[in-house]
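# Architecture and fold: a report
Letter by letter, the chains look like this.
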Amino acid sequence: MIGQLLITGFIIGLVYGVVALGFVLIYKASGIINLAQGQILMVGGFLGWVFFSQFGLPFPLAFILTLVASFLLGVVIERFFIRHLIGEPLLAIIILTLGLSILMSGIAMIIWGHEVHIYPDFDWLRGTISMFGIGIDRKYVFSFAIAVACLFLFASYFRYASSGIMMRAVADDQLAAQSVGIPIRRVLSNIWGIASLTGGVGGIVLGFLVGVTTFGTPAVGLKVLPIVILGGLESLPGAICGGIIVGIAEMICGFYLDPIVGGGTKDLIPFVLMLGILLFRPYGIFGLVRIERV
Amino acid sequence: MHLPCGTFNDSYAKDIAYVRTKEQWIILVASLVFFCILPHLVGHYFTGIFIQVGTTVIIVMGLNVLTGYTGQISLGQAGFAALGGYTSAIASGYYGVPFWFSVPIAATISGAIGTMLLLPALRLRGFYVALATLAAQIVITWGVIRLPWKGAAAYSLSSPELLGIDFANPVNYYYVALACLILITFCIRNLTRTRVGRAWMAIRDNDLAAELLGINLLAYKVSAFFVCCFLAGLGGALWGHYAGSVSVDFYGLDRSIWYLGYLVVGGMGTMLGPFAGTIFFLVLNEVLVFAVGAIAGGYVAGSTYFVLARDVAFGAIFVLFVLFEPRGIAHRWGLVRSYYRLAPFSY
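Residues numbered from 1 in each chain as written. Chains lettered and ligands numbered in written order. Predicted model: local features only at pLDDT ≥ 70, side-chain atom pairs only at ≥ 80, totals over all residues. Heavy atoms only, no water.

### Examining the overall build of chain A
Helices and strands together make up the secondary structure of chain A, namely twelve helices and two strands. Traced from its N-terminal end to its C-terminal end, chain A shows the element sequence α-α-α-α-β-β-α-α-α-α-α-α-α-α. Taking 294 residues into account, the globule formula puts the C-alpha radius of gyration at 19 Å, and chain A, at 19 Å, falls close to it. Projected onto the principal axes, the alpha-carbon positions of chain A cover approximately 55 × 50 × 40 Å. When each of the 294 residues of chain A is scored for burial, the buried share is 56%. Taking the contacts inside chain A whose residues are at least 6 apart along the sequence as the reference set, 74% of them involve residues at least 24 apart. (Helix = DSSP H or I, 4+ residues; strand = E, 2+ residues; numbered from the N terminus. Rg over C-alpha atoms; globule rule 2.2 N^0.38 Å. Buried < 20%, exposed > 50% of the residue type's maximum accessible area, 1.4 Å probe, protein only. Contact = heavy atoms within 4.5 Å.)

This is the structure we're talking about:
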């Protein structure tokens with residue numbers, strides 16, 4: 001049992017990590033805290049549902065279309081809202097992204113309503129696979145494949161593509177990047193696109209695993225915050241590690257504590273973890289140590 | 001404060017007085033009389049809305065102390081209000097504590113528990129404080145529906161009774177809420193211009209400089225957290241006793257976000273801000289109830305259409321205010337006042 005919990009937790013955590021990656025990217029590059037990442041995740045999930053289930057497109061095509069649409073969503077958000085906020089105080093950024101999240105939730109509810117939108121399975125996804133003597137739901141194996149493929153693609157994009165290298169340069173030092181002629185605005189807009197794209201990936205995977213809803217999926221997106229605190233706000237590998245830790249912790253605690261306290265531990269544990277981290281190691285596992293003591 | 005021509009402050013008492021000129025006395029007395037007879041002019045429905053405005057203003061004023069004056073962003077105000085509501089429900093429902101004691105007790109306990117939950121935030125600043133309060137919000141709303149008394153069911157609260165006056169009547173309860181609001185406004189206004197309030201503002205403007213000036217950051221942050229959670233608990237308990245029941249729906253994370261939005265739209269770090277923001281949004285809420293009701297037919301508060309319209313409207317207004325008037329209604333009001341003070345000669 002524990003083996004199965006560990007593996008499913010690991011896979012769920014990997015998906016969380018991909019979504020958290022988007023948050024960290026934006027924070028590193030522009031210092032903007034994106035509290036609407038949960039809603040971007042939700043919209044990504046619904047777009048996937050529209051393409052895959054409603055239009056009945058073959059999965060690879062639906063997947064790519066969702067990613068393109070998510071990318072555009074991020075670019076639009078950056079262009080119309082975030083660009084005005086460079087240099088504004090933190091509170092303005094927080095309120096703006098929260099306002100955006102309320103707005104997106106409301107609009108999504110108008111379009112898609114309250115129901116759980118679960119993706120239709122294709123044949124391969126039914127049943128379990130036996131690995132190391134542990135039976136794992138095929139949906140999880142599929143999610144794992146998507147998450148790992150995306151991580152691999154992101155890693156190589158940041159390493160080899162010139163626009164990816166530009167993004168790393170902007171994240172590292174905006175002034176220096178500008179002085180060597182990197183178009184900061186375009187890079188920032190791309191970064192929002194990519195961050196939103198990670199939300200699209202997460203949304204599709206969640207759509208297969210548990211379905212997308214207008215109230216449940218943003219709550220999953222909220223878990224991005226404990227993850228990035230755990231991993232360190234500035235660290236990309238930290239986001240993945242934090243995601244995996246949170247995923248495993250909530251699976252294990254959900255299984256062993258739920259019967260004792262009567263359910264709901266899964267949604268609590270990440271935040272208890274976050275309070276603990278904030279108390280003892282606020283810069284996270286991989287973050288920069290620059291928290292001032294009071 | 002702008003004084004009319006020929007009015008001079010020749011003593012310290014005059015300098016610190018709130019009500020300085022004859023006109024201000026007239027406005028004060030007239031508005032007091034107006035607010036006292038107001039519930040008799042409108043029906044019970046609108047009196048209920050006034051009570052909602054009053055209790056919400058108390059909650060947002062607590063947030064104003066923490067976020068507006070001390071500069072620590074809180075995403076957990078509704079959670080602290082939940083602490084107050086549930087404590088008062090349990091104290092009055094299960095231990096027979098009368099309303100007049102259970103509400104202050106609830107506010108104090110809410111202040112104490114809230115401050116305890118925010119201990120991690122004391123060492124942090126900026127975004128990390130917001131996250132600690134967010135975690136507190138989620139822990140509280142998770143915890144209160146698992147309390148041993150009633151679990152996830154809604155707690156019912158008794159309405160207060162004193163000297164044979166039944167406060168279940170909204171008109172009578174309105175006076176309780178009004179008295180609390182006036183008292184709290186007076187206290188907070190005074191608090192913000194004493195040493196404590198100046199220390200809070202110094203921490204907000206530059207915490208390092210404040211510490212170098214000899215301000216004990218820990219003590220003043222704790223006091224700000226306590227006042228914030230105390231007022232949240234007070235407002236939450238007052239609303240709970242009026243509504244007759246508390247359930248976690250009224251204290252969710254979305255409410256916390258709204259409270260922060262009310263404050264920002266009203267204007268942070270001003271006395272006017274919590275009033276302006278809360279009244280603006282609750283009036284908008286009622287307008288939406290009527291508008292959606294007129295379109296969809298019937299009374300719609302709580303229906304899906306209404307929730308959609310409200311979410312979209314609130315979200316859009318938060319975004320627009322941050323982009324175009326980040327200093328809120330209070331700032332805009334100040335501009336209008338200073339314009340009309342000099343009009344038609346602007347120089």
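### A few points about the overall build of chain B
A tally of helices and strands in chain B yields 15 helices and four strands. The buried share of chain B, reckoned over its 347 residues, is 50%. Within chain B, contacts between residues at least 6 apart in sequence are counted, and of these 73% link residues at least 24 apart. When the accessible surface of chain B is totalled, it reaches about 15,800 Å², and 69% of it is carbon and sulfur. Between the centroid of the 19 positive side chains of chain B and the centroid of its 13 negative side chains there is a distance of 7 Å. (Areas by Shrake-Rupley, 256 points an atom, 1.4 Å probe, with all protein chains shown as cover. Lys, Arg positive; Asp, Glu negative; His and termini not counted. Charge placed at Lys NZ, Arg CZ, Asp CG, Glu CD.)

### Regarding the interface of chain A and chain B
In this assembly, 45 residues from chain A lie in contact with 41 residues from chain B. For the pair chain A and chain B, the summed buried area comes to about 3,900 Å², and 83% of that belongs to carbon and sulfur atoms. In this assembly, chain A and chain B are joined by zero salt bridges. Scanning the region where chain A abuts chain B turns up zero residue pairs in polar contact (both at pLDDT 80 or more). Listing elements by their share of the side of chain A that touches chain B, those giving two or more residues are α4 (90–112), α10 (224–231) and α12 (265–280) of chain A. Partitioned by chemical class, the residues of the side of chain A that touches chain B number 34 nonpolar, eight polar and three charged. (Buried area = accessible area lost by both parts, 1.4 Å probe. Salt bridge = Lys/Arg side-chain N within 4 Å of Asp/Glu carboxyl O. Polar contact = N/O pair within 3.5 Å; in protein donor to acceptor, adjacent residues only side chain to side chain. Nonpolar A, V, L, I, M, F, W, Y, C, P; charged D, E, K, R; others polar.)

### Quick look at the pattern of salt bridges
A complete count under the given rule lists five salt bridges over all chains for this structure. For the salt bridge of Lys-223 of chain A with Glu-250 of chain A, the shortest nitrogen-to-oxygen distance reads 3.3 Å. On the criterion of sequence distance, the pair formed by Lys-223 of chain A in the loop between α9 (216–222) and α10 and Glu-250 of chain A in helix α11 (residues 236–261) is long-range, its members being 27 residues apart. The closest approach of N and O atoms between Lys-14 of chain B and Asp-10 of chain B, which form a salt bridge, is 3.0 Å.

### Re the packing of aromatic side chains
Residues and elements named next belong to chain B. Evaluation of the coordinates by the stated rule reveals 33 aromatic pairs over all chains. Where Phe-280 meets Phe-321, the ring centres are 6.1 Å apart and the plane angle is 70 degrees; that geometry is what we call edge-to-face. In this pair, Phe-280 is assigned in helix α13 (residues 272–296) and Phe-321 in helix α14 (residues 304–324), connecting sequence segments 41 residues apart. (Phe/Tyr/Trp six-rings, centres within 6.5 Å; stacked < 30°, edge-to-face > 60°.)

### A few points about the packing of helix α1 (residues 2–30) of chain A against α10 of chain A
Residue and element names in this part refer to chain A. Relative to each other, α1 and α10 sit at 75 degrees, their axes nearing to 9 Å. Looking at the two axes, α1 sits roughly perpendicular to α10. Taken together, the residues of α10 that come into contact with α1 (itself represented by Tyr-16, Val-19, Ala-20, Phe-23 and Val-24) are Val-224, Leu-225, Ile-227 and Val-228. For the contact of α1 with α10, the residue count by class is nine nonpolar, no polar and no charged. (Axes fitted to C-alpha atoms, helices over the stretch in contact; angles between N-to-C directions. Parallel < 35°, antiparallel > 145°, perpendicular 65-115°, else oblique.)

### Regarding the packing of helix α3 (residues 44–69) of chain B against helix α12 (residues 253–266) of chain B
All names here are of chain B. Close contact between α3 and α12 brings their axes to 9 Å; oriented N to C, the two are set at 75 degrees. Of the possible angle classes, the one that applies to α3 and α12 is roughly perpendicular. Each of Thr-56, Ile-59, Val-60, Leu-63, Asn-64, Thr-67 and Gly-68 in α3 lies in contact with α12, whose residues at this interface are Tyr-259, Leu-260, Tyr-262 and Leu-263. Looking at side-chain class alone, the contact of α3 with α12 contains seven nonpolar, four polar and no charged residues.

### Focus on the domain arrangement of chain B
All names here are of chain B. Domain assignment breaks chain B into domain 1 (21–251) and domain 2 (253–347). For domain 1 versus domain 2, the separation of C-alpha centres amounts to 20 Å. Contact residues are listed per partner, giving 31 residues for domain 1 and 19 residues for domain 2. For the domain 1 and domain 2 pair, buried surface summed over both sides reaches about 2,300 Å², with 74% attributable to carbon and sulfur atoms. Across the contact surface, domain 1 and domain 2 share zero salt bridges. Across the domain 1-domain 2 interface, the total number found is seven residue pairs in polar contact (both at pLDDT 80 or more). For the side of domain 1 that touches domain 2, the secondary-structure elements that each account for two or more residues are α3, α4 (77–94), α7 (127–144) and α8 (170–191). Considering every element that reaches the side of domain 1 that touches domain 2, the biggest residue donor is α3, with 14 residues. Residues that form the side of domain 1 that touches domain 2 fall into these classes: 17 nonpolar, eleven polar and three charged. (Domains from an automatic or database assignment.)

### Thoughts on the confidence of the model for chain A
Mean pLDDT for chain A: 83, with 94% of residues reaching 70 or above. Across chain A, the secondary-structure element scoring lowest on mean pLDDT is strand β1 (residues 128–131) of chain A, at 71, and the one scoring highest is helix α3 (residues 59–80) of chain A, at 89. (pLDDT = per-residue confidence, 0-100.)

### A few points about the side chain of Thr-47 of chain B
Tracing the sequence through the fold places Thr-47 of chain B in helix α3. Residues within four places of Thr-47 of chain B in sequence aside, it is in contact with Pro-39, Val-42, Pro-170, Val-171 and Tyr-174 of chain B.

### A word on the environment of Phe-271 of chain A
With respect to the helices and strands, the residue Phe-271 of chain A is situated in helix α12. Sequence spacing of Phe-271 of chain A and Ser-53 of chain A is 218 residues, and the spatial spacing of their C-alpha atoms is 34 Å. Here Phe-271 of chain A is in contact with Leu-222 and Pro-226 of chain A together with Leu-134, Ala-135 and Ile-138 of chain B, once residues within four sequence places are set aside.

### Describing the environment of Val-201 of chain A
Residue and element names in this part refer to chain A. Within the element layout of this structure, Val-201 appears in helix α8 (residues 184–209). The exposure class assigned to Val-201 is buried, which follows from its relative accessible area of 2%. For the pair Val-201 and Val-15, spaced 186 residues apart in the sequence, the C-alpha separation amounts to 8.3 Å. Among residues more than four places away in sequence, those in contact with Val-201 are Val-18, Leu-67, Ile-146 and Cys-150.

### What to know about the state of the cysteines
What the rule picks out here adds up to zero disulfides over all chains. Cysteine Cys-241 of chain A shares no disulfide, and the gap to the nearest cysteine sulfur, in Cys-150 of chain A, comes to 18 Å. We note that Cys-228 of chain B lacks a disulfide partner, and the nearest cysteine sulfur, in Cys-229 of chain B, lies 4.8 Å from it. (Disulfide = S-S within 2.5 Å.)

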